[in-house]
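# Structural features, examined
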Amino acid sequence: GAVVSQHPSWVICKSGTSVKIECRSLDFQATTMFWYRQFPKQSLMLMATSNEGSKATYEQGVEKDKFLINHASLTLSTLTVTSAHPEDSSFYICSAKRSRTSTDTQYFGPGTRLTVL
Amino acid sequence: KQEVTQIPAALSVPEGENLVLNCSFTDSAIYNLQWFRQDPGKGLTSLLLIQSSQREQTSGRLNASLDKSSGRSTLYIAASQPGDSATYLCAVIKGPAGGTSYGKLTFGQGTILTVHP
């Protein structure tokens, strides 16, 4: 149990376009989902925390108007990279947990590789 | 601000060797510490989770220890195999004293492990 999927697994887009990445909890309801970004040979950096039915909370330095997060259901959160630029190219990973308990286990998705040309 | 450091950054060993990966963190007010494995271009697989009240956890050939007071954790891999080749990440989760960081994972940079036949 506790499987998290992401779609697409990779995407290539032109500079200036918007890209939507989906994160789904397949066999459990996720009240909270997290979005991370990982640059090559670097660690994961938390971008935002998404609670179902409420606005996402963004980490310092992350532009909320550029990285739109929607968590409209208990099994789906989406990250939209608006007006993507080459510097947005990265590996985006989501995680999900069952409850809003702060220390509940996070289950990670397989990641989405975004390349902006 | 919590900082997590992993040493070494990379490690190459022959098959069969026992090895130790190190993780240190600057703020000992953690709730738990988790070790993950990441294969190239993939998401994270949780290996071991140690609660702050625990000293170690074991799973198969893996043993993780935690010394919260000194801000250190080690991951011991016995009888390494080529299939163990991956990046190993440690992450700490802040406890209630963490304020807005409560429940958020802070990752180290990872150790890239290569086990050659």
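Preceding block: the structure.
Each value, and the rule that gives it
Once a new chain begins, its residue numbering starts again from 1 and follows that chain's sequence as written. To read the labels, note that chains go from A and ligands from 1, taken in the order they are written. For this predicted model, a pLDDT threshold of at least 70 governs which residues receive local features, and a threshold of 80 or more governs which side-chain atom pairs are given and counted, while totals over whole chains, interfaces and linings are taken from all residues. As a convention, hydrogens and water are excluded, and side-chain values are obtained from all of the structure's heavy atoms. Comment: elements are numbered from the N terminus, with helices defined as DSSP H or I runs of at least four residues and strands as E runs of at least two. Computation of the radius of gyration draws on C-alpha atoms, with the globule rule given as 2.2 Å multiplied by the number of residues to the power 0.38. The definition of a nonpolar core used throughout is a set of buried Ala, Val, Leu, Ile, Met, Phe, Trp, Tyr and Cys residues joined through side-chain atoms within 4.5 Å. The cut-offs for exposure are 20% and 50% of the maximum accessible area for each residue type, with area from a 1.4 Å probe on protein chains only; residues under the lower value are buried, those over the upper are exposed, and the others partly exposed. Two residues form a contact once any of their heavy atoms are found within 4.5 Å. Here, the term disulfide refers to a pair of cysteine sulfur atoms separated by no more than 2.5 Å. Throughout, the accessible surface (probe 1.4 Å) given up by two parts as they are put together, summed over both, is called the buried area. By salt bridge we mean one thing: a side-chain nitrogen of Lys or Arg within 4 Å of a carboxyl oxygen of Asp or Glu. Polar contact criterion, stated in full: a pair of N or O atoms within 3.5 Å, where within protein one must be able to donate a hydrogen and the other to accept it, and residues adjacent in sequence count only if both atoms are side-chain atoms. Only Asp, Glu, Lys and Arg are considered charged, only Ala, Val, Leu, Ile, Met, Phe, Trp, Tyr, Cys and Pro nonpolar, and every remaining residue, Gly among them, polar.

### Side note on the overall build of chain A
The helix and strand tally for chain A stands at 0 helices and 11 strands. Helices and strands in chain A line up, N terminus first, as β-β-β-β-β-β-β-β-β-β-β. Here the C-alpha atoms of chain A give a radius of gyration of 13 Å, agreeing with the 13 Å that 2.2 N^0.38 yields for 117 residues. Reported as C-alpha extents along the three principal axes, the dimensions of chain A are approximately 40 × 25 × 25 Å.

### As for the nonpolar core
It is characteristic of soluble globular proteins that their nonpolar side chains tend to be buried jointly. By size, the foremost hydrophobic cluster in this structure holds 25 residues, and its most contacted members are W35, F67, L79, Y92 and L114 of chain A. Setting aside residues no more than four positions away along its own chain, F67 of chain A makes contact with R37, M47, Y58, V62, L79, T80, V81, D88 and Y92 of chain A. With 22 residues, the next largest nonpolar core counts V13, I30, L48 and L62 of chain B among its residues.

### Topic: the state of the cysteines
What the rule picks out here adds up to 2 disulfides over all chains. The disulfide partner of C23 of chain A is C94 of chain A, and the S-S distance across this bridge is 2.0 Å. Between C23 of chain A and C94 of chain A, the S-S torsion sits near 80°, and that sign places the bridge as right-handed. One end of the pair, C23 of chain A, is in strand β3 (residues 19–25); the other, C94 of chain A, is in strand β9 (residues 90–97), and 71 residues separate them in sequence. Here C23 of chain A falls in the buried class, since its relative accessible area comes to 0%. We classify C94 of chain A as buried; its relative accessible area is 0%. Through a disulfide, C23 of chain B is tied to C90 of chain B; the S-S separation comes to 1.9 Å. The sign of the 65° torsion about the S-S bond sets the C23 of chain B-C90 of chain B disulfide as right-handed. A residue pair is termed long-range when its members are at least 10 positions apart, and C23 of chain B in strand β3 (residues 19–25) and C90 of chain B in strand β9 (residues 86–94) qualify at 67 residues.

### Section: the interface of chain A and chain B
Contacts between the two partners involve 18 residues from chain A and, on the opposite side, 19 residues from chain B. Buried area between chain A and chain B, both sides added, is near 1500 Å², and the carbon and sulfur share of it is 57%. One can count 1 salt bridge joining chain A with chain B. As a salt-bridge pair, E59 of chain A and K104 of chain B come within 2.6 Å of each other at their nearest N and O atoms. In this structure, the connection of chain A to chain B is made through 5 residue pairs in polar contact (both at pLDDT 80 or more). Only β4 (32–38), β5 (44–51) and β9 of chain A provide two or more residues apiece to the side of chain A that touches chain B. A total of 3 residues in the side of chain A that touches chain B trace back to one element, the largest contributor, which is β5 of chain A. The class makeup of the residues in the side of chain A that touches chain B is 7 nonpolar, 9 polar and 2 charged.

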